[in-house]
Each structure stands twice: as structure tokens, then as C-alpha cells.
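Listed here are the chains, written in short residue letters.
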Amino acid sequence: DALRERSMSERRKRLREELKAKEASAAAKAAAAAKPKSSSNEQQQEFVEKLRREGKRKRQEYAQRDAEAQREVDMERELQRQQSKRKHERETKERLEERQVRLKWDRKKVKPSPSEDS
């Protein structure tokens, strides 16, 4: 190899050294790129997992809010139904009382007075 090195031209020696340097830098880049890729892949997996957890949490929050809103709507409907029922009962009672008063007055009108009998 020593004899071969001495007999090589300067240009060929320079090209050979450049090639070794390029190979070394390429190997260093490959080693550096291999490490971040795995950590980058891990980062991506962590990010995806974080998004999944956040999505699950938001779905739960939405379900809770939706359930609360539905309970409020149900309570409001029940309140309206009770108010309507009370109003209907009150109106029914008022109509019944009015009818009884009318019947009472009608009976008095129909009944002849005692002074007229004599």
C-alpha cells in the first residue's frame, strides 16, 4: 500500500481523501439522522396519544354538557306540564263553581215564591 500511495498522482490522492471525508460525513449524518428519527417517531406517537387523550376528554365533557342540557330541558318541560296541569285544574274548578252558582240561581228562579201560592 505504501508503494501504491507513493506512485499515485496528487490528484488521485486528493480525490481519495475527499471520498473518505464524504463517506465519514455521510456516516455521521446517517447516525445523527437515525437517532432523531426514533425520537421523532416517539414524539409523533406521544403527540398522537396526547391527541387521543384530549379527544376522549372532550367527548366526555361534551357528553356531560349534553346530559346537563337534557336534564334542564326535561326539568323545564316537567315544570311547564305541572303549571299547565294546575291551570287546567283551577279552570275546571272555576267552571264547576260557576255552573253550580248558575244552577242555584236557576232553581231560585224556577221555584215560585211562597207569597204567590197564597
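Residues numbered from 1 in each chain as written. Predicted model: local features only at pLDDT ≥ 70, side-chain atom pairs only at ≥ 80, totals over all residues. Heavy atoms only, no water.

Side note on the confidence of the model for the protein
The condition that has to hold: On a range of 0 to 100, pLDDT expresses the predictor's confidence in each residue. Secondary structure elements follow DSSP: runs of H or I of four or more residues count as helices, runs of E of two or more count as strands, with numbering from the N terminus.
On average, the protein scores 86 in pLDDT, and the residues at 70 or more come to 88%. Confidence scores differ between elements of the protein, with helix α3 (residues 114–117) showing the lowest mean pLDDT of 66 and helix α2 (residues 10–110) the highest of 88.

Regarding a nonpolar patch on the surface
Keep this limit in mind: Exposure above 30% relative accessible area and the lack of any salt bridge qualify a residue for a patch; like charges then connect within 9 Å, and the nonpolar side chains Val, Leu, Ile, Met, Phe, Trp and Tyr within 5 Å. Each accessible area value is a Shrake-Rupley result obtained with a 1.4 Å probe; residue values ignore everything except the protein chains displayed when judging cover. Each reported salt bridge corresponds to a side-chain nitrogen of Lys or Arg within 4 Å of a carboxyl oxygen of Asp or Glu. The buried label goes to any residue with under 20% of its type's maximum accessible area, the exposed label to any with over 50%, and the partly exposed label to all in between, with areas taken from a 1.4 Å probe on protein chains only.
A contiguous nonpolar patch, built from Phe47, Val48 and Leu51 and spanning about 270 Å² of accessible area, is present on the exposed surface. Along the chain, Val48 falls in helix α2. Taking the relative accessible area as the measure of exposure, Val48 reaches 36% and is therefore partly exposed.

A few points about the pattern of salt bridges
All chains considered together, the criterion is met by four salt bridges. One salt bridge in this structure joins Glu49 and Arg52, with 3.8 Å as the shortest N-O distance. Of the two residues, Glu49 and Arg52 are both situated in helix α2; the distance of three residues between them amounts to about one turn of the helix. Overall, the relative accessible area of 36% leaves Glu49 in the partly exposed class. When its relative accessible area of 55% is taken as the criterion, Arg52 is described as exposed. The residue Arg81 makes a salt bridge to Glu78 at a minimum N-O spacing of 2.5 Å. Of this pair, Arg81 and Glu78 are both found in helix α2, three residues apart, which corresponds to roughly one turn of the helix.

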